[in-house]
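# Results of the structural survey
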Amino acid sequence: MNFDAIFESQLDRLREAGNYRYFADLERHAGRFPHALHRSGDSEREVTVWCSNDYLGMGQHPDVLAAMEQAIRQHGAGAGGTRNISGTTHAHVKLERELADWHGKEAALLFSSGYVSNWTSLSTLGSRVPNAVILSDANNHASMIEGIRHSKADYRIFRHNDPEDLDRHLAALDPALPKIVAFESVYSMDGDIAPIAEICDVAEAHGAMTYLDEVHAVGLYGPRGGGVAEQRGLMDRLTVIEGTLGKAVGTMGGYIAASASLVDFIRSFASGFIFTTALPPALAAGALASIRHLKASEIERQGQRVRVQQLRRALDRAGIPHMPNESHIVPVLIGDAQKCRRISDWLLEHHAIYVQPINYPTVPQGTERLRLTPSPHHGEAEIAALVDGLSELWSQCALARQPVAA
Ligand SMILES: *Cc1c(COP(=O)(O)O)cnc(C)c1O
């Protein structure tokens, strides 16, 4: 059997569709974000990164680096075991307490990543809560979809951000069945934000529990950076808040925050929590330092909001259309996989600007885009360079401009 031929033929189809994934070889330098060294063949040069999820640059914050360095020297490199078998260190215990407090919940539980936290928590809830039905927003992240599928629980997909459609689905189900509504606050690719209060109203009316992915919101919204639910005063209405330590927190790992009994339930039954090595203590220490900083400091959040506004205004002045939303994510729609790839390549080659093209299956075909994520560390010079580069490409590719606002 020629297995390589099977692999290569499928990869060829991906290339033909323009959806083959090329990874940029980057070297980030702490203190220089959003600049990084890009290597390609024999050449290496500095580029500006415009698509990082290290939204606030906390991955280079001195407090975070100091906490990680100190933890490595004090506790060594790895945790040395699963949480159950010698891998629970004091750093994990402290971080889980901090996370519970961040979201106003009784308890929290750490996982290897946000992906694992969604996958494992939803698959455990769906399989272990007898006769559970899961109601999932149509735009939910792959990690939730896979967890729901794996649970083998009955599920319904409700229209994106549509509480009325959710209500119709819930009303059609036997009132005696336990129901779980799974959705996100900030949706990563469009940057739109869920009507969380209305979804909670509907869920509560049907006695359903709510599971909110705040991965693109933790650290960024709310007076203590607790997410959109904190900003809107809704944390206590959500049964589970799920987040990542890999985006605005700047490190790595994922978690859920919920009632003590729900957390104990997942801790006790979730395969993806039980049978894997605990996060290194240094990661837990770094995440703790980052969260403590973000709870108290508005500087990063304010700086980011200013840069988002400046970028949007500069795009408007150049007539480059960008999708409107209330969040920090600035999607520039291209609508064609090949064009999106070429624009990204050209920006890198001729302008030393790195924006990864976002193609299918991450977004639907025909909605290929550049997803820009301004941080407090992107200055006016970087914004001007990006918009100049895009503007040149808009002319070259004969892409439609929007009327320039006065
Ligand atoms: C990135 C992402 C995750 C996964 O988080 P990681 O920590 O990167 O594994 C989960 N949900 C959403 C919506 C995401 O965008």
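Each remark here, short or long, concerns the structure printed above.
To keep things clear, this report deals only with the structure shown in the data block.

Glancing now at the packing of aromatic side chains. Summed over the entire model, instances satisfying the criterion amount to 3 aromatic pairs. Ring geometry for phenylalanine 111 versus phenylalanine 273: centroids 5.8 Å apart, planes at 75°, classification edge-to-face. Of the two residues, phenylalanine 111 is situated in strand 4 (residues 107–111) and phenylalanine 273 in helix 11 (residues 271–274); the sequence distance between them amounts to 162 residues. On the accessibility criterion, phenylalanine 111 (3% relative accessible area) is buried. Given the relative accessible area of 8%, phenylalanine 273 is considered buried. The positively charged end of arginine 15 is found above the aromatic ring belonging to tyrosine 20, 4.3 Å away from the centroid.

Taken together, Met1, Phe3, Ile6 and Phe7 make up a surface patch of nonpolar side chains, about 480 Å² in accessible area. Along the polypeptide, methionine 1 turns up in the segment before helix 1 (3–16).

Quick look at unusual backbone geometry now. Residue phenylalanine 33 is joined to proline 34 through a cis peptide bond whose omega torsion reads 15°. Residue position: proline 34 is located in the loop between strand 1 (25–28) and strand 2 (35–40). In this structure, the amide linkage connecting tyrosine 360 to the following residue, proline 361, adopts the cis form with an omega of 5°. Among the structural elements, proline 361 can be located in the loop between strand 13 (357–358) and strand 14 (369–372). A positive phi angle, close to 75°, is found at serine 86, a residue other than glycine. Position of serine 86 relative to the elements: it lies in helix 3 (residues 83–87).

A pair of packed helices is captured by two measures, namely the crossing angle of their axes and the spacing between those axes. Contact pair helix 13 (residues 299–318) / helix 15 (residues 380–396): the axes reach a minimum separation of 10 Å and the direction vectors enclose 30°. Our classification of the angle between helix 13 and helix 15 gives roughly parallel. You can see that helix 13 and helix 15 cross each other, and the crossing is right-handed. Between helix 13, through Arg307, Gln310, Leu311, Ala314, Leu315 and Ala318, and helix 15, the contact on the second element is made entirely by Glu380, Ile383, Leu386, Val387, Leu390 and Ser391. Here the residues of the contact of helix 13 with helix 15 sort into 8 nonpolar, 2 polar and 2 charged.

Basis of the calculations
Residues numbered from 1 in each chain as written. Predicted model: local features only at pLDDT ≥ 70, side-chain atom pairs only at ≥ 80, totals over all residues. Heavy atoms only, no water. Phe/Tyr/Trp six-rings, centres within 6.5 Å; stacked < 30°, edge-to-face > 60°. Helix = DSSP H or I, 4+ residues; strand = E, 2+ residues; numbered from the N terminus. Buried < 20%, exposed > 50% of the residue type's maximum accessible area, 1.4 Å probe, protein only. Lys NZ or Arg CZ within 6 Å of the ring centre and 35° of its normal. Patch = residues over 30% accessible without salt bridge, like charges linked within 9 Å, V, L, I, M, F, W, Y side chains within 5 Å. Areas by Shrake-Rupley, 256 points an atom, 1.4 Å probe, with all protein chains shown as cover. Salt bridge = Lys/Arg side-chain N within 4 Å of Asp/Glu carboxyl O. Axes fitted to C-alpha atoms, helices over the stretch in contact; angles between N-to-C directions. Parallel < 35°, antiparallel > 145°, perpendicular 65-115°, else oblique. Left-handed = near helix turned anticlockwise from the far one by under 90°. Contact = heavy atoms within 4.5 Å. Nonpolar A, V, L, I, M, F, W, Y, C, P; charged D, E, K, R; others polar.

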